[in-house]
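# Summary of structural features
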Amino acid sequence: MEKKSIISLFEKVVRGDEAAFRLLFETYSRCLFHVAYYYLNSCESAEEVVLDVFTVIWQRRETLSHVEEPERYLYISVKNQALHYLRRGYVQEKDSFSLYEVELMPDSDTPEKKLMEEEYQMLIQQAIDSLPPKCKEVFRLVLSDKLKNREIADLLGISEKTVNIHIAKAYGRIAEYVNRQYKQVKRFKLLLLFGYLTIILSFFVVCCLCISCITYDSFSF
């Protein structure tokens, strides 16, 4: 959502517009859940944190007219609430949940092209999974949540320079991983194709020999 749009939406929430509040929740709840989960590693606790933040926003909406950057305010509020959960020991049982699954928009018009895109997407996902934790989180916030570098720096408590380093490292490692793995996959497929062709050729030769034997036996009579 564009900056002007979110500011306008937040102003409506401050004035008590319930429809605007629902739209704000629908727009940001998923991304904010990701932020909370990053700190808590618990789906249940992450959901509670997001609900807590939105509940407080609605209850105290009349006092929030001073907020100039609503998006940043939302992310920082969720981060602080998640840290509060950690300090108080409110975190539910931790579970495994992937925040880093990418979804490429396919424009396939043939089964072969679709298969290639699926394989390429799988390689990209594996590359993202192989990134160091902090680097992976920065990359997700840039790619999925579309946060600016300054917002990411504030959220994770690091400098903008460090954010830039993580982004550059992520793109470099992903490109290197995908290129390396893709070459290996192509080489493996060529080996399989060669093996398949060898089997077909062997079968053809055997058939020819059998036909030759049958023909020979027929003439021998």
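These numbers were taken from a predicted model, which means no experiment stands behind them. (Residues numbered from 1 in each chain as written. Predicted model: local features only at pLDDT ≥ 70, side-chain atom pairs only at ≥ 80, totals over all residues. Heavy atoms only, no water.)

## Things to note about the overall build of the chain
Within the chain, the regular secondary structure consists of 8 helices and 0 strands. A total of 221 residues make up the chain; the buried ones form 33% of that total. Partitioning the contacts of the chain with sequence separation of at least 6, the portion at a separation of at least 24 is 69%. (Helix = DSSP H or I, 4+ residues; strand = E, 2+ residues; numbered from the N terminus. Buried < 20%, exposed > 50% of the residue type's maximum accessible area, 1.4 Å probe, protein only. Contact = heavy atoms within 4.5 Å.)

## Comments concerning helix H4 (residues 70-88)
For H4, with 19 residues, the first-to-last C-alpha span of 27 Å sits near the 27 Å given by 1.5 Å per residue. Of the residues making up H4, those classed as buried are Pro70, Glu71, Leu74, Tyr75, Ser77, Val78, Lys79, Ala82 and Tyr85. Structurally, H4 contributes buried residues whose contacts are with helix H1 (3-14), helix H2 (18-40), helix H3 (43-59) and helix H7 (149-156). Note on H4: the residue one or two positions beyond its end, Gly89, has a positive phi of about 70°. (Expected span 1.5 Å × (residues − 1).)

## Let's talk about the nonpolar core
In terms of nonpolar packing, the biggest core is built from 41 residues, with Leu24, Leu32, Phe54, Ile57 and Leu156 touching the most fellow members. Contributions of two or more residues to this core are made by H1, H2, H3, H4, helix H6 (133-143), H7 and helix H8 (160-220). Counting residues per element, this core draws most heavily on H2, at 13 residues. In this structure, Phe54 is in contact with Phe21, Leu24, Phe25, Tyr28, Ser29, Leu32 and Leu74, ignoring residues within four places of it in sequence. With 11 residues, the next largest nonpolar core counts Ile124, Ala127, Cys135 and Phe139 among its residues. (Core = buried A, V, L, I, M, F, W, Y, C linked by side-chain atoms within 4.5 Å.)

## Quick word on the pattern of salt bridges
Within this structure, the stated rule accounts for 4 salt bridges. For Arg72, the salt bridge is made with Asp154, and the minimal N-O distance between the two is 2.7 Å. Highlighted residues: Arg72 in helix H4 and Asp154 in helix H7, separated in sequence by 82 residues. The exposure class of Arg72 is partly exposed, given its relative accessible area of 30%. Its salt-bridge partner being Arg150, residue Asp154 comes within 3.9 Å of it at the nearest N-O pair. Note that Asp154 and Arg150 are positioned in helix H7 at a spacing of 4 residues, about one turn of the helix. Residues participating in the shared-partner salt-bridge network are Glu69, Arg72, Arg150 and Asp154. (Salt bridge = Lys/Arg side-chain N within 4 Å of Asp/Glu carboxyl O.)

## Looking at the packing of aromatic side chains
Tallied over the entire structure, the rule returns 7 aromatic pairs. Relative to Phe54, the ring of Phe25 lies with its centre 4.9 Å away and its plane at 75°, an arrangement referred to as edge-to-face. Linking Phe25 in helix H2 with Phe54 in helix H3, this pair joins segments that are 29 residues apart in sequence. By relative accessible area, which is 28% here, Phe25 ends up partly exposed. The positively charged end of Arg61 is found above the aromatic ring belonging to Trp58, 4.0 Å away from the centroid. (Phe/Tyr/Trp six-rings, centres within 6.5 Å; stacked < 30°, edge-to-face > 60°. Lys NZ or Arg CZ within 6 Å of the ring centre and 35° of its normal.)

## Brief notes about the packing of H3 against H4
Running from N to C, H3 and H4 point in directions that differ by 125°, and their axes come no closer than 9 Å. In this view, H3 runs oblique relative to H4, as classed from their interaxial angle. H4 is crossed by H3, and the crossing has right-handed handedness. Along its contact with H3, which presents Ser45, Glu48, Val49, Asp52, Val53, Phe54 and Ile57, the element H4 presents Tyr73, Leu74, Ser77, Val78, Gln81, Ala82 and Tyr85. (Axes fitted to C-alpha atoms, helices over the stretch in contact; angles between N-to-C directions. Parallel < 35°, antiparallel > 145°, perpendicular 65-115°, else oblique. Left-handed = near helix turned anticlockwise from the far one by under 90°.)

## Here we look at the side chain of Lys79
By the secondary structure assignment, Lys79 is in helix H4. One buried charged side chain, Lys79, makes no salt bridge at all; its nearest oppositely charged neighbour is Asp154, positioned 7.8 Å away. Contact partners of Lys79, with chain neighbours within four places excluded, come to Tyr39, Asp154, Leu155, Leu156 and Gly157. (Lys, Arg positive; Asp, Glu negative; His and termini not counted.)

## Concerning H7
Along H7, the residues classified as buried are Glu151, Ile152, Ala153, Leu155 and Leu156. Two residues or fewer past H7, Gly157 is found with a positive phi of approximately 70°.

## A word on the environment of Gln59
Mapped onto the elements of the fold, Gln59 is located in helix H3. On a C-alpha basis, the gap between Gln59 and Gly16 in space is 9.7 Å, while along the polypeptide they are 43 residues apart.

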